Amino acid sequence: MNILVLAEINDGELAEDQTSKTVSAASTLGKVDVLCASNKCADASKKLAKMENIENVLVLEDDLFTHSLAESYSDTLLDTIRLYSHIFAPSSSFGKNVLPRIGGILDVMVVSDISKVISEDTFERPVYAGNAIQTVQSIDKIKLISVRTSNFDAVPLNGTANIKNLDYKCSNNLTTFIENKIQASDRPELTSAKVVVSGGRGVGSKENFEIIEGLADKLGAAVGASRAAVDSGFAPNDWQVGQTGKVVAPDLYVAVGISGAIQHLAGMKDSKVIVAINKDEEAPIFQVADFGLVDDLFKVVPEIEKKI
Amino acid sequence: MKILVPVKRVLDYNVKARVKADGSGIDLANVKMSMNPFDEIALEEAIRIKEKGNAEEIIAVSIGVQQNQETLRTALAMGADRAILVVATDDVQNDIEPLTVANILAAICSKEKPSLILCGKQAIDNDFNATAQMLAAKLQWSQATFASEIEVKKDMIRVTREVDGGLQTIDAKIPVVVSVDLRLNEPRYASLPNIMKAKRKPLEEISPADLAVEMTQRLKVIKTKEPNSREAGLILENIDQLVEKIQENVGG
Ligand SMILES: Cc1cc2nc3c(=O)[nH]c(=O)nc-3n(C[C@H](O)[C@H](O)[C@H](O)COP(=O)(O)OP(=O)(O)OC[C@H]3O[C@@H](n4cnc5c(N)ncnc54)[C@H](O)[C@@H]3O)c2cc1C
């Protein structure tokens, strides 16, 4: 068994939490190598070398990987990837984009979004928006696995991995990067935050969403949203929590004006403690909430903010 | 330009999935089945591209059981021009893996030669999020996943993608496989006259063998179980109690 983890690096910046938790999932099977492919690798490779359970950090510095376009994972790089028995990546928009493409090239089925490693060929993964958990066994020679990082802890930072440079020329003449519209924020990252405050359609408007953000900032929390809130333009798309948004499992999840549709629950029901504020006592969110308050959010939220 | 849209028949998104008592899977007997919501969005986009004069023909493809015919009739009623049904199993419990689906679609593409394939980004049953990417790899085409905006240009399309940090725009050379996200559009309902018209549109039925595609299953489902359930908790009386609970659990 030899294991490779694809590190997520955006324009030189390592996605530390996602990558570390992926290393953690992979290293339940043994020591791992990590592929550090980016336009700027110095900083990312140093951080990776400190993560426990990594043997080699394979550095591939090339502008082609600035935005990790899937087509760039090509040519001789694939010959290296093929040498591994297991390839792990985070189940982020990066991993979901790249890993199945590699699967198509290698003729290997990808095991998406695993929540548990049972053995070297057997994994658990949620299906039907988390309404069932399937145990699947892969008979492929190479296992391609994307990891639901909210189910794993980060690895400690006392490692001393070797850094090795790869000298490959990869190519991509199919897609071209044009631009990113990415909001910089001082708030914690949604998928790794200890506390998340989310707003739904009940919040009513983009302006009103400021009361959600105000409470979040008071609590040092990340801000989330339901699909309805995003679709209505109250919140940006990258705040969406759920089956098709982000999966979070913070210590505390505060759902405000969210009804609790299955697709939303899929993204937050592994949170340690769930608090719900909704004026409808029948709202399904109360069936999963540890603590609920049936009241008008416009009255409650500003008052909580004041009292904390 | 010809557009191909694969559509999957899945448990309706409003129906709660029930795990079978013997742990063999989700019970799909006598439940409402519908077109995968993401595939509806893909089809809607294809129709809009055609309405703008940027495509001549839309072919809907479904792979699965005989009953997928209904899903294809819905696609035809929405606006697809013709349909191909690949009867790959006679057991609705038998989910066809994305890798096999990609192989079947690739074989169809070598015959139909579409320039654009619009897929849903994931099926809401197995939640794999893989078919479009695998198909693009098999065809050695460009891929544009999680699209929330599509603009067809001359030799390429410009796609805005929903990514973890926000939005990313890329240009992808045609031919291309696109997987669509929720915010791309709102699918139309088929009108009654169109439902009637759809009955006369061509629907071809073939088998994987006709395409020389081998049906393999790389992932064996060992068992299916219920997730850990959460119990409903406490309904609090007032804001002060709520503040107390929040404070107990912040950084605790
Ligand atoms: C394929 C597919 C994928 C999906 N993926 C996702 C996903 O990833 N994430 C997601 O969230 N959804 C997803 N959805 C949508 C999901 O089904 C629901 O439509 C959505 O979650 C509803 O959002 P909501 O709870 O904000 O809105 P609603 O269901 O409209 O609920 C609003 C709630 O606010 C309450 N409210 C209103 N005013 C007040 C007030 N003044 N004070 C207190 N409470 C108030 C109401 O009582 C109500 O419970 C998906 C749907 C489909 C079909």
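Residues numbered from 1 in each chain as written. Chains lettered and ligands numbered in written order. Predicted model: local features only at pLDDT ≥ 70, side-chain atom pairs only at ≥ 80, totals over all residues. Heavy atoms only, no water.

Considering the overall build of chain B
Within chain B one finds six helices and 13 strands. Principal-axis analysis of the C-alpha atoms gives chain B an extent of 65 × 45 × 40 Å. Relative to its full complement of 252 residues, chain B shows a buried share of 56%. In chain B, once contacts between residues fewer than 6 apart in sequence are set aside, the share between residues at least 24 apart is 72%. (Helix = DSSP H or I, 4+ residues; strand = E, 2+ residues; numbered from the N terminus. Buried < 20%, exposed > 50% of the residue type's maximum accessible area, 1.4 Å probe, protein only. Contact = heavy atoms within 4.5 Å.)

Considerations on the overall build of chain A
The number of helices and strands found in chain A is eight helices and 18 strands. What you see for chain A is a C-alpha radius of gyration of 21 Å, in line with the 19 Å of a compact globule of 308 residues. In terms of overall dimensions, chain A has C-alpha extents of about 60 × 40 × 40 Å along its principal axes. The 308 residues of chain A split such that 63% are buried. A sequence separation of at least 24 residues applies to 65% of the contacts in chain A between residues at least 6 apart. Counting only carbon and sulfur atoms, one obtains 46% of the accessible surface of chain A, whose full area is about 11700 Å². Here chain A carries 30 positive and 42 negative side-chain charges, and the mean point of each set is 1 Å from the other. (Rg over C-alpha atoms; globule rule 2.2 N^0.38 Å. Areas by Shrake-Rupley, 256 points an atom, 1.4 Å probe, with all protein chains shown as cover. Lys, Arg positive; Asp, Glu negative; His and termini not counted. Charge placed at Lys NZ, Arg CZ, Asp CG, Glu CD.)

As for helix α8 (residues 297–307) of chain A
Buried within α8 of chain A are the following residues: L297, V300, V301 and I304 of chain A. With its buried residues spanning 90° around the axis, α8 of chain A presents them on a single face. In the core, the buried residues of α8 of chain A are packed alongside α5 (209–219), β16 (252–256), β17 (273–278) and β18 (291–294) of chain A together with α6 (239–249) of chain B. At the N-terminal end of α8 of chain A, a side-chain oxygen is found 3.0 Å from the backbone nitrogen of F298 of chain A, two or three residues along, and the residue is D296 of chain A. (Arc of directions from axis to C-beta. Polar contact = N/O pair within 3.5 Å; in protein donor to acceptor, adjacent residues only side chain to side chain.)

Here's the deal with the sheet that holds strand β1 (residues 3–6) of chain A
All names here are of chain A. The strand order β7-β11-β6-β1-β4-β5-β12 describes an open sheet built from seven strands, whose pairing is parallel. Looking at which strands have only one partner, the edges of the open sheet turn out to be β7 (110–114) and β12 (162–165). Across the sheet, the mean angle from the axis of one strand to that of its neighbour is 25°, orientation sign disregarded. Taken together, the three bridges between β1 and strand β6 (residues 86–90) define a ladder with parallel strand orientation. (Pairing = 2+ DSSP bridges. Axes fitted to C-alpha atoms, helices over the stretch in contact; angles between N-to-C directions.)

Let's talk about the site of the ligand
Close to the ligand lie 30 residues; R201, S226, S259, Q263 and N278 of chain A are nearest. Around the ligand, the nearby residues trace back to chains A and B. Q243 of chain A places a polar main-chain atom, nitrogen or oxygen, 3.1 Å from an oxygen atom of the ligand. At 2.9 Å, a side-chain N or O of D296 of chain A approaches a nitrogen atom of the ligand. The fraction of the free accessible surface of the ligand (990 Å²) that becomes covered by protein chains is 85%. Looking at the shell around the ligand, the elements that each hand over two or more residues are α6 (227–231), α7 (262–265) and α8 of chain A together with α1 (37–51) of chain B. (Near = heavy atom within 4 Å.)

Describing the interface of chain B and chain A
Residue-level contacts link 79 residues of chain B with 84 residues of chain A. Here chain B meets chain A over a buried area of about 7100 Å², counting both sides, of which 56% is carbon and sulfur. Sorting the residues of chain B by area buried against chain A places D164, R218 and R230 of chain B first, and these three jointly supply 11% of that buried surface. Applying the counting criterion to the chain B and chain A interface returns seven salt bridges. The partner of D107 of chain A in a salt bridge is R218 of chain B, with the nearest N and O atoms 2.8 Å apart. Viewed at the interface, chain A and chain B are joined by 48 residue pairs in polar contact (both at pLDDT 80 or more). Looking at the side of chain B that touches chain A, the elements that each hand over two or more residues are α3 (98–112), α4 (131–139), β7 (142–152), β8 (156–163), β9 (166–173), β12 (219–225), β13 (234–235) and α6 of chain B. Of the residues that constitute the side of chain B that touches chain A, the class distribution is 36 nonpolar, 20 polar and 23 charged. (Buried area = accessible area lost by both parts, 1.4 Å probe. Salt bridge = Lys/Arg side-chain N within 4 Å of Asp/Glu carboxyl O. Nonpolar A, V, L, I, M, F, W, Y, C, P; charged D, E, K, R; others polar.)

With respect to the pairing of β9 of chain B
With six of eight residues buried, β9 of chain B lies mostly within the body of the structure. Bridge count between strand β13 (residues 175–182) of chain A and β9 of chain B: seven bridges; the pairing is antiparallel. What sits directly across from N180 of chain A, in β9 of chain B, is Q168 of chain B. As judged from the eight bridges shared by β8 of chain B and β9 of chain B, these two strands associate in the antiparallel manner. Across the sheet, residue T160 of chain B finds its bridge partner in β9 of chain B, namely T169 of chain B. Between β8 of chain B and β9 of chain B, which follow one another and run antiparallel, lie two residues.

Looking at the sheet that holds strand β4 (residues 57–64) of chain B
Read across the sheet, 10 strands follow the order β13(A)-β9(B)-β8(B)-β7(B)-β10(B)-β6(B)-β1(B)-β4(B)-β5(B)-β11(B) without closing on themselves; strand pairing throughout is mixed. Each edge of the sheet is formed by a strand with only one pairing partner; in this case those strands are β13 of chain A together with β11 (203–206) of chain B. Going from strand to strand, the sheet's axes swing by 35° on average, the running direction of each strand aside. With four bridges joining them, strand β5 (residues 82–87) of chain B and β11 of chain B adopt parallel strand pairing. What sits directly across from L85 of chain B, in β11 of chain B, is E205 of chain B.

Read these as layout, nothing more, since geometry by itself doesn't imply function.
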